[in-house]
Amino acid sequence: MTPRAPHVLLPGFLEAGPRDDLLALLRSRRAEFEAGRLVGGRLDAGIRNGLALLDLDEAAHALRDRALRELPALAPRLGLPAFTPGEVEVQAAAYGDGGHYDRHIDTFVGEYAAAASRVVTIVLYLHVLPKRFGGGALRLFPIGGDHGPVDVEPEHGLAVAFPSFLAHQVMPVSCSGDEPGDLRYAVNIWIRRQAPAGHRRDGKLASVT
């Protein structure tokens, strides 16, 4: 039988204290979020209507370490062969009323392929309690077969891992306000394959879920 969209739920990815501190950090830096861009830096709110924060400073180090500790167990559960990890990217996203991100993948082809070696995507969801928004599920599309997509609801503290080549989208968000506490936040962690010797990665490739 053809498998459904491969993914692993990680409800305990961060302990309560660090998790809530991270949410507080994102809320405090709400003014620094910018319009999310597509590959190559293009803006198109019809495809991606959301905000992104590309630099989490010191907070990113603990998230990178946590992701690498999870990797040995994650890869086989996702049906991925073992690989040597290289760079680990960390970015944040925020979605308000009407926010969405159409179907896409986190790996790239064509002129961007040499710079993109993402293998595993981990998305950590954060929001105030009680939740002040509706919608915003992560929809994961199956790899062939007759199965329908899998929706993962964004719940505070839940992380979900999936292969970076898996097609996915952020379903539309609805909320009545635009205060920092109203938004659907996510922190994206991309584990890349170690680059060949002598390879130099240039530029930033945008894709935040």
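Predicted model only: the values in this text are computed from it and were never measured.

What counts and what doesn't
- Residues numbered from 1 in each chain as written.
- Predicted model: local features only at pLDDT ≥ 70, side-chain atom pairs only at ≥ 80, totals over all residues.
- Heavy atoms only, no water.
- Pairing = 2+ DSSP bridges.
- Helix = DSSP H or I, 4+ residues; strand = E, 2+ residues; numbered from the N terminus.
- Salt bridge = Lys/Arg side-chain N within 4 Å of Asp/Glu carboxyl O.
- Buried < 20%, exposed > 50% of the residue type's maximum accessible area, 1.4 Å probe, protein only.

### Some remarks on the sheet that holds strand E3 (residues 48-49)
No. 1: Ordered in space as E3-E6-E12-E9-E10, the five strands form an open sheet in which the pairing is antiparallel. Pairing within the sheet leaves two strands with one partner each, and these edge strands are E3 and strand E10 (150-152).
No. 2: For strand E9 (residues 138-140) and E10, the ladder comprises three bridges, and the chain directions are antiparallel. For Leu140, the partnering residue across the bridge sits in E10 and is Val150.

### A few points about the pattern of salt bridges
No. 1: Across all of its chains, the model carries 11 salt bridges by this definition.
No. 2: With a shortest N-O distance of 3.6 Å, Arg30 and Asp178 are connected by a salt bridge. Note that Arg30 is positioned in the loop between helix H1 (16-28) and strand E2 (34-35) and Asp178 in the loop between strand E13 (173-175) and strand E14 (184-193), a separation of 148 residues in sequence.
No. 3: With a shortest N-O distance of 2.8 Å, Asp151 and Arg139 are connected by a salt bridge. Here Arg139 lies in strand E9 and Asp151 lies in strand E10, a separation of 12 residues in the sequence.
No. 4: In this structure Asp151 comes out as partly exposed when scored by relative accessible area, which is 37%.

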